[in-house]
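Breakdown of the fold
Each chain is listed here by its residues.
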Amino acid sequence: MTTTATVLSISLLLALVGAAPALAQDAMPSQTQGPSQDAVTAQDAAPESRFTLDVSVRYESDYFFRGLAQRSDAFNVEPSATLSYALVREGPVGVTLKAGVWNAFSDDRADGATSSFGEHWYESDLFAGVSLSYERFTLDAIYTWYLSPASDFASYEDVTFTLGYGDAGLWDEGEKFSLNPSASLAFETRGAADGADS
């Protein structure tokens, strides 16, 4: 097994392990018996963790990347995991480091794909970066390594800058509706996806 295949196997395992169901001890407390006052005081005094683990699994019938359809009318499952660390949390200012993995599995096999390893494992992306925030604005700088375990495309890398605005609460008081507009600018650094190699 190649080093790339080993790294990808480990990244998928991490994404899937994080998606495990909650354990019994995480169940909601009984409605008839509330927590003791000592427990409430201890919870209030406990500092909030600077680490966050976000794990998700999505299904899409069509997979688009930068406005171009990669997989259409297919069964696309996309597990992902992101580990974040809040380096700075001072009032409206925040600096967060993040790293993670995003995967795409599809029942649609690309023409010309040559690998039998994980033939339906279309894509695995490893990424790391930093997110700066001030009040409602965020600026992310993320470096991503795009891989195809099924050899549907050649690997490449890019750095993406994203400026976002969080508008939750501006439209309604309950914060049930938001648009959260953002704009991204990507620079391919190795192995171009849509142009000449740089």
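What counts, and where the lines are drawn
- Residues numbered from 1 in each chain as written.
- Predicted model: local features only at pLDDT ≥ 70, side-chain atom pairs only at ≥ 80, totals over all residues.
- Heavy atoms only, no water.
- Salt bridge = Lys/Arg side-chain N within 4 Å of Asp/Glu carboxyl O.
- Buried < 20%, exposed > 50% of the residue type's maximum accessible area, 1.4 Å probe, protein only.
- Helix = DSSP H or I, 4+ residues; strand = E, 2+ residues; numbered from the N terminus.
- Core = buried A, V, L, I, M, F, W, Y, C linked by side-chain atoms within 4.5 Å.
- Polar contact = N/O pair within 3.5 Å; in protein donor to acceptor, adjacent residues only side chain to side chain.
- Patch = residues over 30% accessible without salt bridge, like charges linked within 9 Å, V, L, I, M, F, W, Y side chains within 5 Å.
- Areas by Shrake-Rupley, 256 points an atom, 1.4 Å probe, with all protein chains shown as cover.
- Contact = heavy atoms within 4.5 Å.
- Pairing = 2+ DSSP bridges.
- Axes fitted to C-alpha atoms, helices over the stretch in contact; angles between N-to-C directions.

1. Concerning the pattern of salt bridges
- As enumerated under the stated definition, the model contains 5 salt bridges in all.
- A salt bridge links Arg 58 to Glu 60; the nearest nitrogen and oxygen atoms lie 2.3 Å apart.
- Among the residues examined, Arg 58 registers a relative accessible area of 44% and is labelled partly exposed.
- Residue Asp 140 is joined to Lys 98 by a salt bridge in which the shortest nitrogen-to-oxygen separation is 4.0 Å. Highlighted residues: Asp 140 in strand E7 (residues 137-147) and Lys 98 in strand E5 (residues 93-106), separated in sequence by 42 residues.

2. Quick notes on unusual backbone geometry
- Residues other than glycine seldom take positive phi values, yet Glu 135 does so here, at roughly 50°.
- Here Glu 135 lies in the loop between strand E6 (121-134) and E7.
- What makes Glu 135 exposed here is its relative accessible area of 58%.

3. Details of the nonpolar core
- If you look at the biggest cluster of nonpolar residues, it comprises 9 residues: Tyr 63, Phe 65, Trp 102, Ala 104, Tyr 122, Phe 127, Ile 142, Tyr 146 and Tyr 156.
- For this core, the secondary-structure elements that each account for two or more residues are strand E2 (63-65), E5, E6 and E7.

4. Brief notes about the side chain of Ser 106
- Looking at the element boundaries, Ser 106 is found in strand E5.
- Given the relative accessible area of 4%, Ser 106 is considered buried.
- In this structure the side chain of Ser 106 is engaged in a polar contact, spanning 3.1 Å, whose partner is the side chain of Asn 76.

5. What to know about a nonpolar patch on the surface
- Together, Leu 132, Phe 137, Leu 139, Phe 161, Leu 163, Leu 185 and Phe 187 make up a nonpolar patch on the protein surface, roughly 640 Å² of accessible area in all.
- At the level of elements, E7, strand E8 (156-165) and strand E9 (182-190) are the ones that each hand at least two residues to the nonpolar patch.

6. With respect to the environment of Trp 102
- Considering the arrangement of structural elements, one finds Trp 102 in strand E5.
- According to the relative accessible area criterion, Trp 102 is buried, its value standing at 18%.
- The contacts of Trp 102, once residues within four sequence positions are left out, are Tyr 63, Glu 78, Pro 79, Ser 80, Glu 123, Ser 124, Asp 125 and Phe 127.

7. A word on the sheet that holds E7
- Strands sit in the order E1-E4-E5-E6-E7-E8-E9 across an open sheet of 7 strands; the sheet is antiparallel. Each edge of the open sheet carries a strand with a single partner, namely strand E1 (51-60) and E9. For this sheet, the mean inter-axis angle between neighbouring strands, taken without regard to orientation, is 15°.
- Relative to E7, E6 runs antiparallel, the two sharing 11 bridges. Directly across from Ser 131, in E7, lies its bridge partner Asp 140.

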